[in-house]
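Understanding the architecture of this molecule
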Amino acid sequence: MALVPCQVLRVAILLSYCSILCNYKAIEKPSHQTYGGSWKFLTFIDLVIQAVFFGICVLTDLSSLLTRGSGNQEQERQLKKLISLRDWMLAVLAFPVGVFVVAVFWIIYAYDREMIYPKLLDNFIPGWLNHGMHTTVLPFILIEMRTSHHAYPSRSSGLAAICTFSVGYILWVCWVHHVTGMWVYPFLEHIGPGARILFFGSTTILMNFLYLLGEVLNSYIWDTQRSMEEDKEKPKLE
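Each chain carries its own residue numbering, running from 1 in the written order of its sequence. Residues qualify for local features only when their pLDDT is at least 70, as the model is predicted, and side-chain atom pairs are given and counted only at 80 or more; totals for whole chains, interfaces and linings, by contrast, use all residues. By convention in this description, side-chain values take in all heavy atoms of the structure and omit both hydrogens and water.

**As for the nonpolar core**
- The biggest cluster of nonpolar side chains holds 64 residues, and the ones touching the most others in it are Tyr-17, Leu-42, Phe-53, Phe-54, Val-97, Phe-165 and Tyr-185.
- Numbering of helices and strands runs from the N terminus, with a helix taken as a DSSP run of H or I at least four residues long and a strand as a DSSP run of E at least two residues long. Listed by contribution, the elements that provide at least two residues to this core are helix 1 (6-26), helix 2 (42-67), helix 3 (73-112), helix 4 (127-134), helix 5 (137-147), helix 6 (155-180) and helix 7 (193-233).
- Examining the composition of this core, we find that 16 residues originate from one element, helix 3, more than from any other.
- Leaving out residues up to four positions away in the same chain, Val-97 has contacts with Leu-42, Asp-46, Ile-49, Ile-162, Phe-165 and Met-207. Nine residue types can take part in a nonpolar core, namely buried Ala, Val, Leu, Ile, Met, Phe, Trp, Tyr and Cys, and a core is a set of them joined through side-chain atoms within 4.5 Å. Relative accessibility under 20% of the residue-type maximum defines a buried residue, over 50% an exposed one, and the middle range a partly exposed one, all with a 1.4 Å probe and only protein chains included. It only takes one pair of heavy atoms within 4.5 Å for two residues to be counted as in contact.

**Details of the UniProt feature "transmembrane region" (unreviewed entry) in the protein chain**
- UniProt positions are given in the numbering used here, feature names are shortened, and annotations may be inferred rather than shown by experiment. Look at the UniProt record and you will see "transmembrane region" (unreviewed entry) annotated at residues 42-67, 88-108, 128-145, 157-178 and 198-222.
- Secondary structure within residues 42-67 divides into 100% helix and 0% strand; the distance between the first and last C-alpha atoms comes to 37 Å.
- Between the end C-alpha atoms of residues 198-222 the distance is 36 Å, and the span holds 100% helix and 0% strand.

**Some points on the environment of Ala-103**
- Tracing the backbone shows Ala-103 in helix 3.
- The class for Ala-103 is partly exposed, based on a relative accessible area of 32%.

**Regarding the side chain of His-134**
- For His-134, the location among the structural elements is in helix 4.
- Taking relative accessible area as the criterion, His-134 reaches 4% and is therefore assigned buried.
- For the purposes of these results, a polar contact is taken to be a pair of N or O atoms within 3.5 Å, where, inside protein, one atom must be able to donate a hydrogen and its partner to accept one; residues adjacent in sequence count only when each atom of the pair is a side-chain atom. Among the polar contacts listed, one links the side chain of His-134 to the side chain of Asn-130, at a separation of 2.6 Å.
- If near-sequence neighbours (up to four positions away) are discounted, His-134 is found in contact with Thr-43, Val-101, Val-102, Phe-105, Trp-106 and Tyr-117.

**Overview of the pattern of salt bridges**
- The term salt bridge refers to a side-chain nitrogen of Lys or Arg lying within 4 Å of a carboxyl oxygen of Asp or Glu. Evaluation of the coordinates by the stated rule reveals 5 salt bridges.
- Among the salt bridges present, the one from Glu-215 reaches Arg-155, with a minimum N-O distance of 2.7 Å. Here the residue Glu-215 occupies a position in helix 7, and Arg-155 occupies one in helix 6, the gap between them amounting to 60 residues.
- Judged by its relative accessible area of 46%, Arg-155 falls in the partly exposed class.
- Connected through shared salt-bridge partners, Arg-10, Asp-61 and Glu-144 make up one network.

**As for a nonpolar patch on the surface**
- Patches draw on residues past 30% relative accessible area with no salt bridge. Two like charges within 9 Å are joined, as are two nonpolar side chains (Val, Leu, Ile, Met, Phe, Trp, Tyr) within 5 Å. Shrake-Rupley sampling with a 1.4 Å probe provides the accessible areas, and residues are treated as covered by the protein chains on show and by no other component. Taken together, the side chains of Tyr-35, Trp-175 and Val-179 present a nonpolar region at the surface, about 290 Å² in accessible area.
- Along the chain, the position of Trp-175 falls in helix 6.
- With relative accessibility at 44%, the residue Trp-175 sits in the partly exposed group.

**Topic: the packing of helix 3 against helix 6**
- Orientation of helix 3 relative to helix 6, taken along the N-to-C sense of each, is 45 degrees, at an axis distance of 10 Å. One finds that helix 3 runs oblique with respect to helix 6. As helix 3 packs across helix 6, the resulting crossing turns out to be right-handed. In this structure, helix 3 contributes Trp-88, Val-92, Leu-93, Pro-96 and Val-97 to the contact, and helix 6 contributes Gly-158, Ala-161, Ile-162 and Phe-165.
- Under this grouping Gly is polar, as are all residues other than the nonpolar Ala, Val, Leu, Ile, Met, Phe, Trp, Tyr, Cys and Pro and the charged Asp, Glu, Lys and Arg. A class-by-class count of the residues in the contact of helix 3 with helix 6 yields 8 nonpolar, 1 polar and no charged. A fitted line through C-alpha atoms represents every axis, and for helices the fit uses only the stretch in contact; the resulting angles, taken between N-to-C directions, go from 0 to 180 degrees. Each angle receives one of four descriptions, namely roughly parallel if under 35 degrees, roughly antiparallel if over 145, roughly perpendicular if within 65 to 115, and oblique otherwise. A clockwise turn of the near helix away from the far one marks a right-handed crossing, whereas an anticlockwise turn of less than a right angle marks a left-handed crossing.

Put into structure tokens, the structure is as follows:
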């Protein structure tokens, strides 16, 4: 038996994301007042994605609890739709976008933090909030993947969806630059047009890779667990 039921973990994670979002929005950061507000930043978009995803997880748990043993076919159909939405969100958005934000942020931060998170931001964003936005996303999503099996969509539709998201965000970043004359991320100011195209192309490829990684990891976790359960059920030889 798990020390903490997965349903309780999901509620705790959802509450933590609500707290992070509320604290982030309360910060009087100059960039929040400019064109696009917080929605310019992939970190904020990812926080919203994670909060919505875990909100759907909690709603699925509540619906499952309420419909258990009811025998109502319509309720069961609605529950299946909710589970499908939950699984789709993890596969296409929560896992690849969450892992991308954590990995890319800390890689660039380690190379030169001024390129992505200038020291000036320490005056606005406390350390715990920075880790809430850029660190805990990864363990939270891995916990969810480990505690519940998620059915992935077909590979073609999943890759098409993550490509659409990636290209859409890149176009949004370019539009913000077109309107304001400023790039959302400081390091984009210091590279040429060719390097920017290469960077944007690389990020799209990375997003696709992370989608495939999530699919493989999900299969590995649950195939391994299924094998262990089958081994336990086999009669022991005396």
